[in-house]
Each structure stands twice: as C-alpha cells, then as structure tokens.
Amino acid sequence: NGIPPGDYVLPSGAKMVERTASEGLDDVHRMRAVTPEFHERDVQRQALWKGPQVFLSLKTINGVASTGMARVEDGHLGIFSMRTASKARDKGYATLLVAYLLAWGQEQGATKAFLQVDQANAAAIAVYKKFGFEPAYSYWHRVQPA
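These figures come from a predicted structure and were not determined experimentally.

Basis of the calculations
- Residues numbered from 1 in each chain as written.
- Predicted model: local features only at pLDDT ≥ 70, side-chain atom pairs only at ≥ 80, totals over all residues.
- Heavy atoms only, no water.
- Core = buried A, V, L, I, M, F, W, Y, C linked by side-chain atoms within 4.5 Å.
- Buried < 20%, exposed > 50% of the residue type's maximum accessible area, 1.4 Å probe, protein only.
- Helix = DSSP H or I, 4+ residues; strand = E, 2+ residues; numbered from the N terminus.
- Contact = heavy atoms within 4.5 Å.
- Phe/Tyr/Trp six-rings, centres within 6.5 Å; stacked < 30°, edge-to-face > 60°.
- Polar contact = N/O pair within 3.5 Å; in protein donor to acceptor, adjacent residues only side chain to side chain.
- Pairing = 2+ DSSP bridges.
- Axes fitted to C-alpha atoms, helices over the stretch in contact; angles between N-to-C directions.
- Arc of directions from axis to C-beta.
- Salt bridge = Lys/Arg side-chain N within 4 Å of Asp/Glu carboxyl O.

How would you sum up the nonpolar core? Please name residues and give values.
Counting residues in each nonpolar core, the largest one holds 29 residues, and the members touching the most others are Leu58, Leu77, Ile79, Met82, Leu101 and Tyr128. Mapped onto this core, the elements with two or more residues apiece are β2 (53–60), β3 (63–73), β4 (76–84), α3 (93–107) and α4 (122–129). For this core, the element with the highest residue contribution is α3, accounting for 9 residues. Look past the residues within four positions of leucine 101 in its chain and what remains in contact with it is Val54, Leu56, Gly68, Met69, Ala70, Leu77, Ile79 and Met82.

Okay, structure coming up:
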C-alpha cells in the first residue's frame, strides 16, 4: 500500500492507511452519520465475508479524507463503501483511493472490477469514468411496507 499505483501520487502530508474491518467501517459510518444500530448490523454483516478484502483510508493532517473497501471473488474486484469527507471533496482523494483499491485487486489476481453508484452522484461517476467504468445496468431499491 505504500507505493502509489501508476501515476497517482499522494500529496505531501497524506498517507494511505490499511485499516481493519472494524476501523474501516468506523471511518465510513462516521462520514455517513449512521445510527449505532445500523453500525452494529453492518459490522455483523461484514464479518460474514471470508475472502480477500481490504479497507483503505486516505489520511491527511485533518484526519480521514476518503475511505473505501474492496473485495475479490472469482477474479472480480468489488469496490464498496466509498466515502469522502465533505470538507475534503474536490481534491482528488477519491481518485487516489480508487487507484489504490484497483492496484490491490490486481495484486490479488482480479482481472475485472465492478461497483455500484447512485445515478445522481455526478462527482463519483466522474471519478469512476477516469478508470474506465461505465454503466452496465440501472437498479432501484424497494422497501416493503411495515
């Protein structure tokens, strides 16, 4: 994780830090401001995964600027839980994080990558396009009435 992939160089004072699953979930949940109940359910759900995975956080002098995780299964890299702190946006941190996650996936033998992104999240879509991601299909969430 210490060597920048390709042309992606961390700015002075920033570092990419590998986090435990618990630390990584803490980072993303703090940025999403989730409830303690949601956090606990997500920690339990994430603990079920037994394959290769990595949680990375890009840290600056101001703390965690961007965070995300990736998993590899059957040669496919899935990128999940991407978040950038509101005060750290538009600085290229998410792009750096994606570059590191993709490099990690290649080291694990992944030859394809996928992710999900909200169609209204133009900033995230712009980041993913830099790496050649393009829409494969649309989806929507359904909620069952109580």
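Read on, since the account is not over.
Can you lay out the packing of aromatic side chains for me, pointing to particular residues and giving the numbers?
Per the stated rule, a full pass over the model turns up 2 aromatic pairs. Arranged with centres 6.0 Å apart and planes meeting at 80 degrees, the rings of phenylalanine 80 and phenylalanine 114 form a pair that is edge-to-face. With phenylalanine 80 in strand β4 and phenylalanine 114 in strand β5 (residues 112–115), this residue pair connects regions lying 34 residues apart in the sequence. Overall, phenylalanine 80 belongs to the partly exposed group, its relative accessible area being 32%.

Give me the lowdown on the side chain of arginine 19, citing residues and values where you can.
In this structure, arginine 19 sits in strand β1 (residues 15–19). Exposure remark for arginine 19: the relative accessible area of 17% places this residue in the buried category. At 2.9 Å, the side chain of arginine 19 forms a polar contact with the side chain of aspartate 27.

So what about unusual backbone geometry? Which residues, and what values?
Residue aspartate 74 is not a glycine yet carries a positive backbone phi of 50 degrees. Secondary-structure assignment places aspartate 74 in the loop between β3 and β4. According to the relative accessible area criterion, aspartate 74 is exposed, its value standing at 71%. The backbone of aspartate 90 sits at a positive phi, close to 65 degrees, despite the residue not being glycine. Along the chain, the position of aspartate 90 falls in the loop between β4 and α3.

Residue-level account of the sheet that holds β3, with values.
Taken in spatial order, the 5 strands of this open sheet run β1-β2-β3-β4-β5, and their pairing is mixed. Strand pairing shows two members of the sheet lacking a second neighbour, β1 and β5, which therefore form its edges. For this sheet, the mean inter-axis angle between neighbouring strands, taken without regard to orientation, is 25 degrees. Sitting on the sheet, α3 touches β1, β2, β3, β4 and β5, and the angle it makes with β3 is about 30 degrees.

Any chance you could break down α4 for me, citing the residues and the numbers?
Residues that lie three or four places apart on an α-helix share one face, since the helix turns once every 3.6 residues. Looking only at α4, the buried set comprises Ala124, Val127 and Tyr128. One face of α4 carries all of its buried residues, which in axial projection span an arc of 95 degrees. When the buried face of α4 is taken as reference, the exposed residues oriented beyond 90 degrees from it are Ala122, Ala123 and Lys129. On its buried face, α4 is in contact with β4, α3 and β5.

An account of the pattern of salt bridges is requested, with residue identities and associated values reported.
Within this structure, the stated rule accounts for 3 salt bridges. Across the pair aspartate 27 and arginine 19 runs a salt bridge, and its minimum N-O distance is 2.9 Å. Comparing aspartate 27 with arginine 19, the two get one shared label, buried. Between arginine 45 and aspartate 42 there is a salt bridge whose closest N-O contact spans 2.5 Å. Separated by 3 residues within a single helix, arginine 45 and aspartate 42 lie in helix α2 (residues 36–46), roughly one turn from each other. Connected through shared salt-bridge partners, Arg19, Asp27 and Arg30 make up one network.

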